[in-house]
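# Remarks on the overall topology
Single-letter residue listing:
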Amino acid sequence: MSGGNVSPQLSWADPPEGTKGYAVTCFDPDAPTPSGFWHWLLVGIPADVTSLDEGAGTADKAPRGAFHVANDFGAKKYDGAAPPAGDHNHRYLFAVHALDTDDLGLDDSASAAVTAFTMGGHTLARGAISAGYTVRGRAGGPRAPTATAPAAALSRGSTPAAPPAVPPTSHA
C-alpha cells in the first residue's frame, strides 16, 4: 500500500433536506475481483459534520459517534491505493453519502457488502470524486499517481450504495 494509508481531507456542503447522518466510502471498481475492492467505509457520521481532516481514516481520528467497518483488506480503517504492479490504472471513488438516518442498524462487525447494501436504502444524495493510481512495471517498481477530478456536489435522488457506474478504462 502507498501514501502511508492516510485518508484525504474531504469536505461537503448543502445536504438535502432530511439528512440525519453521513457515510464516507472509498471503492476501487477496477480491482481484479468480480466485485471491486472497498478501501474505506466510515459510517455513523453526525449530520453536523461537513468535513473530515486528512488522516480521519483511523478510529482515533474519526468524528465522534462514527465508526469504521472492515474494508476488503480486513482492517477497520482507511487503506490506500494498492493496485497490482503493472496492472492498468485503477480509479478510487471517494463518496460522501447523505443518509436519512443517523443509525443504519449496523455495528463495526458488518461486512462491506452489507454496509453498502444497507446504505443504499437510506441514501438521499451522494457526492463523489475519483482519483486514479497506477503501479508501473513489476512488483516493487515506482508508483505513479494520476490526476484527480474536482469534487462533485451532492446529487439528490435515488442512488445505489456503491459508487456510480463508470465506463472501464482502456487496457491498451
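It should be emphasised that the depicted structure is a prediction, and the values quoted were computed from it without experimental measurement.

## Concerning helix 1 (residues 112-120)
For helix 1, every residue scored as buried is listed here: A112, T115, A116, T118 and M119. Buried residues of helix 1, viewed axially, fall in a sector of 165°; they line one side. Turned more than 90 degrees away from the buried face of helix 1, the exposed residues are A113 and F117. For helix 1, the secondary structure elements touched by its buried residues are strand 2 (21-28), strand 3 (37-46), strand 6 (90-99) and strand 7 (123-135).

## Description of the environment of P46
Within the fold, P46 resides in strand 3. Under the relative-accessibility criterion, P46 is labelled buried at 15%. Here the alpha-carbon distance between P46 and K20, two residues 26 residues apart in the chain, equals 7.0 Å. Among all residues touching P46, those that are not within four sequence positions of it are G21, Y22, P63 and R64.

## Some points on the confidence of the model for the chain
The pLDDT averaged across the chain works out to 82; a share of 77% of its residues lies at or above 70. Within the chain, no element has a lower average pLDDT than strand 8 (residues 143-148), which sits at 44, and none a higher one than strand 5 (residues 67-68), at 97. A low-confidence stretch, residues 139-152 stays under pLDDT 50, and its non-local contacts, those more than four residues away or across chains, total 34 contacts. Every residue in residues 155-172 is under pLDDT 50, and counting partners more than four places away or in other chains gives 38 contacts.

## Here's the deal with the side chain of T115
In this fold, T115 is placed in helix 1. Classification of T115 as buried rests on a relative accessible area of 0%. Look past the residues within four positions of T115 in its chain and what remains in contact with it is L41, V43, V69, L106 and A110.

Cut-offs and rules
Residues numbered from 1 in each chain as written. Predicted model: local features only at pLDDT ≥ 70, side-chain atom pairs only at ≥ 80, totals over all residues. Heavy atoms only, no water. Buried < 20%, exposed > 50% of the residue type's maximum accessible area, 1.4 Å probe, protein only. Helix = DSSP H or I, 4+ residues; strand = E, 2+ residues; numbered from the N terminus. Arc of directions from axis to C-beta. Contact = heavy atoms within 4.5 Å. pLDDT = per-residue confidence, 0-100.

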